[in-house]
Amino acid sequence: MRLTWVFFFGILFSCQLIKAQAPKKNTSSDLFHSIQKLNFLGSALYIAAHPDDENTRLISYLSNEVKAKTAYLSLTRGDGGQNLIGSELRELLGVLRTQELLAARRIDGGEQFFTRANDFGYSKHPNETLKIWNKEAVLSDVIWIIRNFRPDVVINRFDHRSPGSTHGHHTSSAMLSYEAFDLANDPNVYPDQLKSTDVWQPKRLFFNTSWWFYGSEDQFQKADKSKMIALDVGVYYPLKGVSNNEIASLASSQHLCQGFGRMATRGSENEYIELLKGDLPNNESDIFDGINTTWSRIEGGEAVGKILYAIEKNFDFEEPSKHLPQLIEAYKAILKLRDGHWKNIKKKELEAIIQSVCGLYLEASATAPHTYPGSSIPIDIEVLNRSRADIKLATVSTGTDNPIIKEIVLEENRKELFQIPLNVPNNTAYTSPYWLNNKGTTGMYDVRDQNLIGKPETPHAFEVNFELEFNGFTINIKKPIVYKYSKPEKGEIYQPFEILPEATASFKDKIIIFANSEPQEIPLIIKAHKDNVKGEIQLHYGKGWKVDQEIKPFEIAKNGDQRILHFLLRPPTKEDENFISATIKVNGKEITKELIEISYDHIPKQSVLMPSETKVVRLDIHKNGENIGYIDGAGDEIAESLKQIGYKVQKIDPTSIQAGSLTHFDAIVVGIRAYNVVEELKFKQRYLLDYVKDGGNLIVQYNTAGRNGLEMANLAPYPLSISRDRVTDETSQVSILDKTHELVNYPNKITQNDFNGWVQERGLYFPDQWSKEFTPILAMNDEGEQALSGSLIVAAYGKGNYIYTGLSFFRELPAGVTGAYRLFANMLSMKQR
């Protein structure tokens, strides 16, 4: 039986991956569930700090069991995390994790919101977090979302009363939620918001607690539970054929870039929520107890409820279209409601139900994946009525031109196919994540349109409006324009239809290092997004830098083709950090963007337009050795960075490692978290240590330590214990403990200046215990904490050197931090004993 369930969920998960963009096709059970949710007028908002912080068990329970309108507010998009499935970091990782959250919500039934807060990396205390974030701005966003979503119940993932005990972002999310709970109802707080929304007072605020927050299950058993409610979230849904926890497992498994893929769970399981504000429900199994969640909640709602409750009670699973006349009557009644909030929500829900009960298929598909402002493109329209309902297609329109009159009677199961033109206005904005359109700060994204704040993604550029007559009554249903195609190995694939520039330019490398004063050829890649693109491109550069030809012409015949132009760039004679950028000039337009595409099976394809620029660094650096071996870990760009300063870097397949196979390398570098994610290394570590013993340099970058530490007996040649110690302040003071040590003297003299300009953090997961054979090189600490000396330790072993470092070189080298390059070159250059 277990094998059957594993097979079922494997198939279900695979379908979720492949069909991440496909329109949802509802069964009768899905329809009945939608009608149940239509008849529940209550909402819950779950609040935490990052993607993957959310409790999918509770979100799914509230959405699917309680039938509440449920949403997750993640204060950040997870930009500061790691990526286990690709190379996207920082802003691009935030785009990926945003889509993973949306994929999770498509499964557990929730909605998704964000603030403008930028995940700047690990923070030890909310004081630091709220200073970098701009507390007032993030608080205003939380209040804005509460005022618009209007939750009856708010649930915090983290405890606002324990600052400093966990990630500062976590505690900050709870503190801001606690404060916003009452402020959202105060008209004197952020009054400008009230031009487009109203004040709102949620009824209850909870903290989603568990034994983890108490330190142990034993301590939790002893805790005062007088204000706690236990909810059994392990309920089974016969209409779905799965339990709540199985849905939750599948939802959380969408966070693939964070390694959250997990097995499904079943059976009874309690979630605990502690009341923080509001009154404790009399019925402890119902967090909405005492809150009117029926249609009588709103003026005129009883008339709507009378119709819809009867449909729910007598729902016909075999022929749901028989309910269409009553659904139309309910729709008419909803149009008469005064309550704008619930009216708009329930009108949209009912439109989807009316479409589904008729098996009405409406699709608008562009004939190409993208186009550009000022262009025209055909849109394929498909309309199909798969019921005996009396439906007529009156008009279709894209919003850019007058509606096209069709007056087509939709006969049962007879497909109507035709094309309409989409004329794209010249002032149409390009498709890109809206929060990246303006340059932000370390802690905040710059979003200037108040109505975009909170939205998970940029709204669709264009929709097609289908004006339909159901039994003579007109309803307008909008569908976003999409693009679809097929692959033999994957079948039908949907992706967003996008508006792109006519051409974009990108630099091959995001950091270009000049290790001496010799000029380098800089390849600049121009990609056409239409046929017959002709123009010129200009290279912009800083003071002290010189280029052979600043402006060059180009011409590209086919959409999707590329042309590479080379600019000879000469650096200054002294160390310098600067930027070069490119501007394309086509038909009087100036384009300063590069196109980055993010494509994975479990999310819709994403197009991100970023500034077409790259950092250039003139670096005075010396190095010893030439051939470097690199073992990939969880994903970093160290190998590419080392090539920039002249090393020959060869990737090492761990399965190929055997006795004597590594002797030709001057040094070997092990990528971040390699021992966490590459199982084979446990069996090859003895060969790596033999390599050191015979005279090699082995540099091991950070690995994570769980509650029981890193379970690997021979990580190092001598005893070494990895901790969770870290220094999050990238500007913190660094002390050189042994100023005579080779690591800080050869071949580059390391000084305090080499620790200027670091990004995001100093390092993480430092060793906290090591044997006497190791020498600690550096000491550093965050404000108010004791100095940590485990960021860089080295030990002689045989003829070679073993180095373990938690310094965040994986961030610093791709960012072009000169001091990090110099220090890393010293590690690679250590001499044999």
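Below: a short report on this structure. (Residues numbered from 1 in each chain as written. Predicted model: local features only at pLDDT ≥ 70, side-chain atom pairs only at ≥ 80, totals over all residues. Heavy atoms only, no water.)

Some words on the nonpolar core
Thinking step 1. Counting residues in hydrophobic clusters, the biggest one holds 79 residues, and the most contacted among them are Leu778, Tyr802, Phe809 and Phe824.
Thinking step 2. Among the elements that make up this core, the one with the highest residue count is helix α17 (residues 818-828) (seven residues).
Thinking step 3. Non-local contacts of Tyr802, meaning those with residues more than four positions away in its chain, are made with Leu689, Val692, Leu698, Val700, Leu715, Ala716, Pro717, Leu720, Phe774, Ile793, Val794 and Ala795.
Thinking step 4. Leu327, Ala330, Val383 and Leu468 belong to the second-largest nonpolar core, a separate cluster that totals 55 residues. (Core = buried A, V, L, I, M, F, W, Y, C linked by side-chain atoms within 4.5 Å. Buried < 20%, exposed > 50% of the residue type's maximum accessible area, 1.4 Å probe, protein only. Helix = DSSP H or I, 4+ residues; strand = E, 2+ residues; numbered from the N terminus. Contact = heavy atoms within 4.5 Å.)

Considering the packing of helix α6 (residues 135-149) against helix α7 (residues 168-183)
Thinking step 1. The N-to-C vectors of α6 and α7 enclose an angle of 55°; their axes lie 9 Å apart at closest approach. Classified by the angle between their axes, α6 and α7 sit oblique to one another. α6 and α7 meet at a crossing whose hand is right-handed. Contact with α6, carried on its side by Lys135, Val138, Leu139, Val142, Ile143, Ile146 and Arg147, involves Leu176, Glu179, Ala180 and Leu183 of α7 and no other residues of that element.
Thinking step 2. Residues of the contact of α6 with α7, tallied by class, amount to eight nonpolar, no polar and three charged. (Axes fitted to C-alpha atoms, helices over the stretch in contact; angles between N-to-C directions. Parallel < 35°, antiparallel > 145°, perpendicular 65-115°, else oblique. Left-handed = near helix turned anticlockwise from the far one by under 90°. Nonpolar A, V, L, I, M, F, W, Y, C, P; charged D, E, K, R; others polar.)

Concerning the sheet that holds strand β1 (residues 43-48)
Thinking step 1. Pairing in this open sheet of seven strands is mixed, and the strands run β3-β2-β1-β4-β5-β9-β6 from one edge to the other. The sheet terminates laterally at β3 (111-114) and β6 (228-232), the two strands that pair on one side only. Taken pair by pair, the neighbouring strands of this sheet meet at an average axis angle of 30°, ignoring direction.
Thinking step 2. The pairing of β1 with strand β2 (residues 69-74) spans six bridges and is parallel. What sits directly across from Ser43, in β2, is Lys69.
Thinking step 3. Packed onto the sheet, helix α3 (residues 56-65) meets β1, β2, β4 (153-156), β6 and β9 (270-277) and runs at close to 155° relative to β2.
Thinking step 4. With respect to the sheet, α7 is in contact with β1, β4, β5 (204-207) and β9, its orientation differing from that of β4 by roughly 160°. (Pairing = 2+ DSSP bridges.)

A look at unusual backbone geometry
Thinking step 1. Of the consecutive residues Tyr746 and Pro747, the connecting peptide bond is found in the cis state with omega at -10°.
Thinking step 2. Take Pro747: it is sitting in the loop between β38 (734-736) and β39 (763-770).
Thinking step 3. Positive phi outside glycine occurs at Tyr765, with the angle close to 50°.
Thinking step 4. Inspection of the secondary structure assignment puts Tyr765 in strand β39.

What to know about the pairing of strand β27 (residues 562-570)
Thinking step 1. Summarising the sheet, strand β23 (residues 520-528) and β27 pair through eight bridges and their orientation is antiparallel. Bridge pairing in β27 places Ile525 opposite Ile564.
Thinking step 2. Note: strand β25 (residues 546-547) against β27, two bridges, orientation antiparallel. Its bridge partner lying in β27, Val547 is registered against Leu569.

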